[in-house]
Amino acid sequence: MSSILDYIAWRGDLSLEAAPFNEIDALIFCEFAYLKLKGIVPEEVSSDGISLETAATLFFDSPDVEVRSDMGIFFGTEVVNLFKLMATTVRYKNLRLCGFVEHSDDFHEKQFAALTVLLGDGTSFVVFRGTDDTLVGWKEDFNMCFMTPVPSQQEALDYLVQASSRLSGKIRVGGHSKGGNLAVYSATFCGKKIQKRICDVYNFDGPGFELNINTAPEFQRIRHCVQRFVPDQSIVGMLLEQDGEYQVVKSQEIGLMQHNLFSWELDGPHFKEVEQVADSSSIIDRGVKSWLHQHSSAEREQFVEAIYEMLTSSHATTLSELAEHWKSNPAKALSALLVVEPQTRKTVIQALHQLFHTTRQELKLDVKTWFQEKLQEVMPTLET
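Residues numbered from 1 in each chain as written. Predicted model: local features only at pLDDT ≥ 70, side-chain atom pairs only at ≥ 80, totals over all residues. Heavy atoms only, no water.

### Some thoughts on unusual backbone geometry
The test is simple: Secondary structure elements are defined from DSSP: runs of H or I of at least 4 residues count as helices, runs of E of at least 2 residues count as strands, and each element is numbered from the N terminus. Residue exposure (1.4 Å probe, protein chains only): buried if accessible area is under 20% of the type maximum, exposed if over 50%, otherwise partly exposed.
Residue Pro149 is reached from Thr148 by a cis peptide bond, and omega for that bond is 0°. Topologically, Pro149 is positioned in the loop between helix H6 (135–143) and helix H7 (151–166). Phi at Glu109 takes a positive value of approximately 55°, unusual for a residue other than glycine. Tracing the backbone through its elements, the reader meets Glu109 in the loop between strand E2 (96–105) and strand E3 (110–118). Relative accessible area serves as the criterion here: at 18%, Glu109 is assigned to the buried category. Located in the positive-phi region is Asp205, a residue other than glycine, with phi close to 55°. Inspection of the secondary structure assignment puts Asp205 in the loop between strand E6 (198–204) and helix H10 (217–222). Of the residues examined, Asp205 reaches a relative accessible area of 1% and is grouped as buried.

### Notes on the pairing of strand E5 (residues 171–176)
What counts, and what does not: At least two DSSP bridges between two strands are needed for those strands to be called paired.
Taken across its six residues, E5 has six buried, putting it largely inside the fold. Across the two faces of E5 the burial is the same, with Ile171, Val173 and Gly175 and Arg172, Gly174 and His176 all buried. The pairing of strand E4 (residues 124–128) with E5 spans five bridges and is parallel. Following the sheet pairing, Val126 is matched in E5 by Val173.

### What about helix H11 (residues 279–293)?
Applied cut-off: Here, expected helix span is obtained from the residue count minus one, scaled by 1.5 Å.
Spanning 15 residues, H11 covers 21 Å between terminal C-alpha atoms, matching the ideal 21 Å at 1.5 Å per step. Looking only at H11, the buried set comprises Ser281, Ile283, Asp285, Gly287, Val288, Lys289, Trp291 and Leu292.

### Focus: the packing of helix H1 (residues 4–11) against helix H2 (residues 23–32)
Quick note on the threshold: Structural elements are reduced to axes, namely lines fitted to C-alpha atoms, with helices fitted over the stretch in contact, and the angle between N-to-C directions of any two is expressed from 0 to 180 degrees. Our angle categories are set so that under 35 degrees counts as roughly parallel, over 145 as roughly antiparallel, 65 to 115 as roughly perpendicular, and the remainder as oblique. By the definition used in this description, the sense in which the near helix is turned from the far one sets the handedness, with an anticlockwise turn below a right angle giving left-handed and a clockwise turn giving right-handed. Residues are treated as being in contact if the distance between any of their heavy atoms lies within 4.5 Å.
It is at 11 Å that the axes of H1 and H2 come closest, and there the two elements cross at 120°. Between H1 and H2, the interaxial angle falls into the category oblique. Where H1 crosses over H2, the two elements pack in a sense that is left-handed. Listed contacts from H2 to Ile4, Tyr7 and Ile8 of H1 are Ile24, Asp25, Leu27 and Ile28.

### What about the pattern of salt bridges?
Condition: Here, a salt bridge means any side-chain nitrogen of Lys or Arg that lies within 4 Å of a carboxyl oxygen of Asp or Glu.
Applying the stated rule across the entire model yields 13 salt bridges. Residue Asp64 is joined to Arg68 by a salt bridge in which the shortest nitrogen-to-oxygen separation is 3.2 Å. A relative accessible area of 11% places Arg68 in the buried class. Note that Glu265 and Lys272 form a salt bridge whose closest N and O atoms lie 3.7 Å from each other. Exposure remark for Glu265: the relative accessible area of 4% places this residue in the buried category. Linked by salt bridges that have partners in common, Glu102, Arg129 and Asp132 make up one network.

### Here's the deal with the packing of aromatic side chains
Note the cut-off: Classification of ring pairs uses Phe, Tyr and Trp, with its six-membered ring standing for Trp, and accepts pairs whose centres are within 6.5 Å; under 30 degrees between planes counts as stacked, over 60 as edge-to-face, and the remaining range as tilted. By definition here, charges over rings are those cases where NZ of Lys or CZ of Arg is within 6 Å of the ring centre and within 35 degrees of the ring normal.
On inspection of all chains with the given rule, the structure shows 21 aromatic pairs. Residues Phe29 and Phe32 carry aromatic rings whose centres are separated by 5.7 Å and whose planes lie at 70° to one another, so their mutual orientation is edge-to-face. Here Phe29 and its partner Phe32 are both found in helix H2, three residues apart, which amounts to about one turn of the helix. Judged by relative accessible area, Phe29 falls into the buried class, the value being 0%. The rings of Phe21, Phe125, Tyr202, Phe204, Phe229, Trp264 and Phe271 are connected pair by pair, giving a single aromatic cluster. It is Lys84 that lies over the ring of Phe60; its NZ or CZ is 5.0 Å from the centre.

### Here we look at the layout of surface pockets
Rules: Using only the protein atoms, space was sampled on a 1 Å grid; points where a 1.4 Å probe fits but cannot get out form cavities, open sets with protein on both sides within 12 Å along at least five of seven lines form pockets, and lining residues are those with an atom within 4 Å of a point. Grid points are joined across faces, edges and corners, and a volume is the space filled by probe spheres set on the points. Three classes are used: nonpolar for Ala, Val, Leu, Ile, Met, Phe, Trp, Tyr, Cys and Pro, charged for Asp, Glu, Lys and Arg, and polar for all others, with Gly counted as polar.
For the second largest pocket, the calculated volume is near 380 Å³. Contributions of two or more residues to the lining of the second largest pocket are made by E2, E3 and H6. A breakdown of the residues in the lining of the second largest pocket according to their chemical character gives nine nonpolar, eight polar and seven charged.

### Thoughts on the pairing of E3
By the criterion of burial, E3 is predominantly enclosed, with nine of the nine residues buried. Residues Lys110, Phe112, Ala114, Thr116 and Leu118 of E3 are buried on one face, and the alternating residues Gln111, Ala113, Leu115 and Val117, pointing to the opposite face, are buried as well. The pairing of E2 with E3 spans eight bridges and is antiparallel. Residue pairing in the sheet places His103 in a bridge with Phe112 of E3. Sheet topology note: the E3/E4 ladder contains five bridges and is antiparallel. Bridge assignment links Leu115 to a residue of E4, and that residue is Val127. Counted along the chain from E3 to the antiparallel partner E4, the turn is five residues long, and its residue Gly120 has a positive phi close to 80°.

### Details of H1
Spelled out, the test is: Arc definition: directions from the helix axis to the C-beta atoms.
Every buried residue belonging to H1 is among Ile4, Tyr7, Ile8 and Arg11, and all of these are buried. Along the long axis of H1, the arc covered by the buried residues comes to 100°, so they all point the same way. Buried positions along H1 lie against H2, helix H5 (78–86) and strand E9 (266–267).

### As for empty space enclosed by the protein
Following the criterion strictly, the structure yields one cavity of 30 Å³ or more and no others. Quantified by volume, the largest cavity comes out at close to 80 Å³. Lining the largest cavity are Asn181, Val184, Asn203, Pro207, Gly208, Phe209, Asn214, Phe219, Val226, Arg228, Gln242 and Asp243. Those elements giving two or more residues to the lining of the largest cavity turn out to be helix H8 (178–189) and strand E7 (226–231).

Here you go:
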């Protein structure tokens, strides 16, 4: 079983000229975009930028390297190790980086980061970061179930339009998790002129949209460029309205942990694929979609606001802080949840109960269908 780190060790001595850019390279840079590169990679998108090797030197020699290397509870040190390894390879070290921006805005409930990679083959790769460790980043994700566009979608569109005006040649766009959603959204609504320059759109386990943009003419113009990948037990990448076509990747993890790109298995320069997502993924997908269809946008918003109020009642601003509060003083953390308005608690409890009930109904239906299929298989034998 090989992972992206194995791929870099195996493919690192080959330039992109010798072995052209592929979906694994795209996934690596989508993971790379989670790094804290402010002050290292120039904010302006240009045809110059800074080499990845030089950026690594500045990163690891910086006095705040420990702060930069703290990626939160979901990433550990894997992304930092990825950066260190990439900087030693012929394949990546001379590629140039530019246009790094990183914004987190509690008032507007926005978490956004992006990066442009000049690939040296006449093309550029615009990469959007997925959800980071901040609670406001997760809040914006939840907002997607009742709002289009959310602030990061609009900023992604503005970023792509601006980047394309400063670059020549073909453009690739991609991202992991929310970043995948931003890649599809920006490539869909950036206009015909820019769409003609886009050759690939990579969506790695990104959620869909509140509104079904798949039938929109803007999406139809770019659909042939979109490559969507989900792990075999995908949860995040099956949420909301999605285009029906996707590739299923084998993962070394189970459940939600499959969202971690380091768990995705490779077969040489490609993903190790399976035929379809697991039954558990389909059941959760149907359950969540059924729950969403049963509730208006206003009801979804009320639920999201209630959940966020409960999460921030301890005054934590990141998932790491939230986890630390529960670990160090679970009684105090629990008491913080209990002091929220009674109506808020009631809203959350009722909505979660309905969601679990709907998913349970989908599970029963799935089991019933399975038995019916098996019965049909054995009937010819019983009749003889």
